[in-house]
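Structural overview
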Amino acid sequence: MVFAAATSLSAQDIGPEESTSGEGENPSESTPIGQPIAPTNPDDGSVRLGLGGSAPTFNLGRRFGLSTSLTGGYDDNVNLTPTGSPSWFANPNAVFTYQFGNPRLAMDLIAGAGITYYFDHPGGRDYDPNLYLRLSLVYKASERLTFDVSVFAAYQAQPDVTSALSANRRLGNFFRSEDNISAHYRWTPRFSTVTIYTFSALEYQNSIASSGDRLENHLGEQVRYLLFPTTTATAGYGINITDYQTTGRNLITQTLTAGLDQTFGPHLTGIFQGGLQLRSGGQTSPYIDAGLHYSFKSANVIWTNRYSIEESGTGASSGRETFRTNLALNYRVTARISANLAVSYQNGTGAQAAEIGFNGRVAGGAENLFDVSAEVRYAITHSLAVNAGYRHTDSDQGSTSAIASQGLGYTRNRYFAGLTYRF
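A quick note: this is a predicted structure, and the numbers were derived from the prediction, not measured. (Residues numbered from 1 in each chain as written. Predicted model: local features only at pLDDT ≥ 70, side-chain atom pairs only at ≥ 80, totals over all residues. Heavy atoms only, no water.)

For the protein chain, the helix and strand inventory stands at three helices and 18 strands. The proportion of buried residues among the 423 residues of the protein chain is 51%. Here the contacts in the protein chain between residues at least 6 apart in sequence split such that 59% fall between residues at least 24 apart. For the protein chain, the accessible area works out to roughly 17900 Å², and carbon and sulfur atoms hold 62% of it. (Helix = DSSP H or I, 4+ residues; strand = E, 2+ residues; numbered from the N terminus. Buried < 20%, exposed > 50% of the residue type's maximum accessible area, 1.4 Å probe, protein only. Contact = heavy atoms within 4.5 Å. Areas by Shrake-Rupley, 256 points an atom, 1.4 Å probe, with all protein chains shown as cover.)

As structure tokens, this is what we get:
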């Protein structure tokens, strides 16, 4: 959502390509992006939900895409345990994309399917499934009114360290979904409003982890005022109702924010929102949401940061106060060689109740999680490319927190290489 907001920073930008004020600048129009940020991890194809997604493009026509890949490598801790669980692995994967854009309707669809097979079957694990679908749609109902719809659903086993809609540890296969619809209405040349509804779901196949199964409904309203040609002031209110399926608890979190959206130049945009969160049971916390987006012919950078109350995973009245930062960089070195880097870090303070997916089930403890991956890709032909990379994950290893003192931290290293063919 940070990235989606950063792509349209004028108060009256009601679509990715429309600036009715005549003064705002839209990076998606003025900047050809040679290599957009990949929404998936290069080692297994799983989605990085915390990086958001790009807005669809109007007047694009109709485009289809299909690619297949085969990646193999070595994982020294498949099950993310303190003692390690190594195995060689192979990951066949297929991705289908569809894009459509006319003057009023723009749509992006990406769907992927694959498995990661482990030859040494650590802990009895044979393979990890990875199925996902992401749809983004923008419709200009009138000159003043625009609707945005985004749908995401995935079935996977790997935890997603970039998003709150996932545990930090392996809890078996799980399903998650995040669906959003928003209405943007321009009341005057400077003033507009955005009404947002989001539905989220998380469900684990493992009964031990079912305490984290939940449904979330979020309703929000944001007002936007164009202060200067490149600066927009924002204020918003949101209410989130979480229904835990196992414990039957319903928790309410309210968020008040104020901030600025800023265009620094033709290639750099940013947003900042600060405010207060109020949660059932009397918990309060500061709320900060900030992001930068840089795009140029040979480089693309997304940096998101958030400090907020996240769900406890058990239905405890006290949620986790968590800071998250995600950085993704793609750089085209030459016409054939490209490189990407992804870094994620989170620091969370545990809720009153112990939870299996966070902090090794230590009640009230803290956890630091660091994840970094790097990849280099070489295009042999227009359709065929080879890649190689490395990924490292560290959960509180070597720290003095509760999780480390009880020997519950873990590290993981993955070395991988593969082939990709685009039809």
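Moving on from the coordinates now.
Below, the discussion takes up the packing of aromatic side chains. In this structure the tally under the stated criterion is eight aromatic pairs. Ring geometry for F64 versus F96: centroids 6.4 Å apart, planes at 45°, classification tilted. Placement of F64 in strand β1 (residues 61–75) and of F96 in strand β2 (residues 87–101) is noted, with a sequence separation of 32 residues between them. For F96, a relative accessible area of 34% corresponds to the partly exposed category. With 4.7 Å between their ring centres and 70° between their planes, Y185 and W187 make a pair best called edge-to-face. Using a relative accessible area of 27% as the deciding quantity, one classes Y185 as partly exposed. (Phe/Tyr/Trp six-rings, centres within 6.5 Å; stacked < 30°, edge-to-face > 60°.)

Attention shifts here to the pairing of β1. On any regular strand, side chains alternate: one points to one face of the sheet, the next to the other face. Across 15 bridges, the pairing between β1 and β2 is antiparallel. Across the sheet, R63 pairs through a bridge with Q99, a residue of β2. Judged from the nine bridges that link them, β1 and strand β18 (residues 410–422) form a sheet pairing that is antiparallel. Paired with G73 across the bridge in β18 is F416. (Pairing = 2+ DSSP bridges.)

Located in the positive-phi region is N59, a residue other than glycine, with phi close to 55°. Its location among the elements puts N59 in the loop between α2 (27–30) and β1. Even without glycine at this site, H121 takes up a positive phi of about 45°. Residue position: H121 is located in the loop between β3 (105–118) and β4 (127–140). Judged by relative accessible area, which is 32%, H121 ranks as partly exposed.

Here L278 is to be found in strand β11 (residues 268–279). Residue classification places L278 among the partly exposed residues on the basis of a relative accessible area of 33%. Residues L278 and T255 lie 23 residues apart in sequence; the distance between their C-alpha atoms is 6.5 Å. Leave out the neighbours within four places in its chain, and L278 touches I252, T253, Q254, Q283 and T284.

So, on to the pattern of salt bridges. Evaluated as defined, the whole model comprises 17 salt bridges. Residues R279 and E311 are paired through a salt bridge, measuring 3.1 Å at the closest nitrogen-oxygen approach. Here the residue R279 occupies a position in strand β11, and E311 occupies one in the loop between β13 (299–310) and β14 (320–332), the gap between them amounting to 32 residues. For R279, a relative accessible area of 4% puts it in the buried group. (Salt bridge = Lys/Arg side-chain N within 4 Å of Asp/Glu carboxyl O.)

By themselves, these observations are geometric and do not establish any function.
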